[in-house]
Amino acid sequence: MAERSFPYYMMAIGYSSFRFLITFDQPLPQPMKTVDIINAAGVSLILLAFFLLTIRKLRSDSLLYNILNMVGAGLACYGSWLISAFPFMVLEGIWSLVAALGLIRNVLLKRPGQNLEEE
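In this text, all values refer to a predicted model and were calculated from it rather than measured experimentally.

1. Side note on the environment of Asn69
Next up, step 1: In this structure, Asn69 sits in helix α2 (residues 63–82).
Next up, step 2: Separated by 33 residues in the primary sequence, Asn69 and Gly102 have C-alpha atoms spaced 9.9 Å apart.
Next up, step 3: Only 2.9 Å separates the side chain of Asn69 from the side chain of Trp95, close enough to count as a polar contact.

2. Here we look at α2
Every α-helical turn comprises 3.6 residues, leaving residues that sit three or four positions apart pointing alike.
Next up, step 1: With 20 residues, α2 extends 28 Å from end C-alpha to end C-alpha; this agrees with the ideal 28 Å at 1.5 Å per step.
Next up, step 2: Of all the positions in α2, only Tyr65, Asn66, Leu68, Asn69, Gly72, Ala73, Ala76, Cys77, Gly79 and Ser80 are classed as buried.
Next up, step 3: Just beyond α2, the residue with positive phi is Ser84, at close to 60°.

3. With respect to the pattern of salt bridges
Next up, step 1: For the structure on display, the rule yields one salt bridge.
Next up, step 2: Put simply, Arg59 and Asp61 hold a salt bridge, and the shortest N to O gap is 2.8 Å.

4. As for the side chain of Glu92
Next up, step 1: With respect to the helices and strands, the residue Glu92 is situated in helix α3 (residues 86–108).
Next up, step 2: In this structure Glu92 is buried but unpaired, with Lys33 as the nearest side chain of opposite charge at 20 Å.
Next up, step 3: Once residues lying within four places of it in the same chain are set aside, the contact partners of Glu92 are Ile46, Ala73, Ala76 and Cys77.

5. Considering the packing of helix α1 (residues 34–54) against α2
Next up, step 1: As a packed pair, α1 and α2 sit with axes 8 Å apart at the nearest point and diverge in direction by 150°. By the criterion of interaxial angle, the relationship of α1 to α2 is roughly antiparallel. In terms of crossing hand, the pair formed by α1 and α2 is left-handed. Residues Val35, Ile38, Asn39, Ala41, Gly42, Leu45, Ile46, Leu48, Ala49, Leu52 and Leu53 of α1 lie in contact with α2, whose contacting residues are Tyr65, Leu68, Asn69, Val71, Gly72, Ala73, Leu75, Ala76, Tyr78, Gly79, Ser80 and Leu82.

6. Structural notes on the nonpolar core
Next up, step 1: Among the nonpolar cores identified, the biggest contains five residues, and these are Ala49, Leu52, Leu58, Tyr65 and Leu68.
Next up, step 2: Those elements that place two or more of their residues in this core are α1 and α2.
Next up, step 3: Setting aside chain neighbours within four positions, we find Tyr65 in contact with Ala49, Leu53, Leu58, Arg59 and Ser60.

7. Describing unusual backbone geometry
Next up, step 1: Unusually for a residue other than glycine, Arg56 sits at a positive phi of about 60°.
Next up, step 2: Looking at Arg56, the relative accessible area reads 75%, which means it is exposed.
Next up, step 3: Positive phi is not limited to glycine here, since Ser84 has a value of about 60°.
Next up, step 4: Here Ser84 is to be found in the loop between α2 and α3.
Next up, step 5: Overall, the relative accessible area of 46% leaves Ser84 in the partly exposed class.

8. With respect to the confidence of the model for the protein chain
Next up, step 1: The share of residues in the protein chain with pLDDT of 70 or more is 68%, and the mean pLDDT across the chain is 80.
Next up, step 2: Low confidence marks residues 6–19, where pLDDT is under 50. Its contacts with residues over four positions away, or in another chain, come to 27 contacts.

Each value, and the rule that gives it
- Residues numbered from 1 in each chain as written.
- Predicted model: local features only at pLDDT ≥ 70, side-chain atom pairs only at ≥ 80, totals over all residues.
- Heavy atoms only, no water.
- Helix = DSSP H or I, 4+ residues; strand = E, 2+ residues; numbered from the N terminus.
- Polar contact = N/O pair within 3.5 Å; in protein donor to acceptor, adjacent residues only side chain to side chain.
- Expected span 1.5 Å × (residues − 1).
- Buried < 20%, exposed > 50% of the residue type's maximum accessible area, 1.4 Å probe, protein only.
- Salt bridge = Lys/Arg side-chain N within 4 Å of Asp/Glu carboxyl O.
- Lys, Arg positive; Asp, Glu negative; His and termini not counted.
- Contact = heavy atoms within 4.5 Å.
- Axes fitted to C-alpha atoms, helices over the stretch in contact; angles between N-to-C directions.
- Parallel < 35°, antiparallel > 145°, perpendicular 65-115°, else oblique.
- Left-handed = near helix turned anticlockwise from the far one by under 90°.
- Core = buried A, V, L, I, M, F, W, Y, C linked by side-chain atoms within 4.5 Å.
- pLDDT = per-residue confidence, 0-100.

Below, the structure written as structure tokens:
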């Protein structure tokens, strides 16, 4: 086996009485690529919307909640398309579409003084 140079690293993992030596044949982490930034931004927006909803800082029918979900899912869908992750592209595309429909239903079509929960 050839000698590994500095960019490669090795890690020993103990499991019961056996020791395994795992060699990572990948170089050390590189700066993020554009597609990684797009995916990270999209997923971060979705998680931010979920977190704010969970701690009751946003309502599910608020403008900001629907925009965060729609834009986040749209970015994640585009990023999934760039890396050819088609199942995730479908998931995020549908998520974005549902958020857009929620935005239309709960915000744009809501008349002043109308409470959607009473429907």
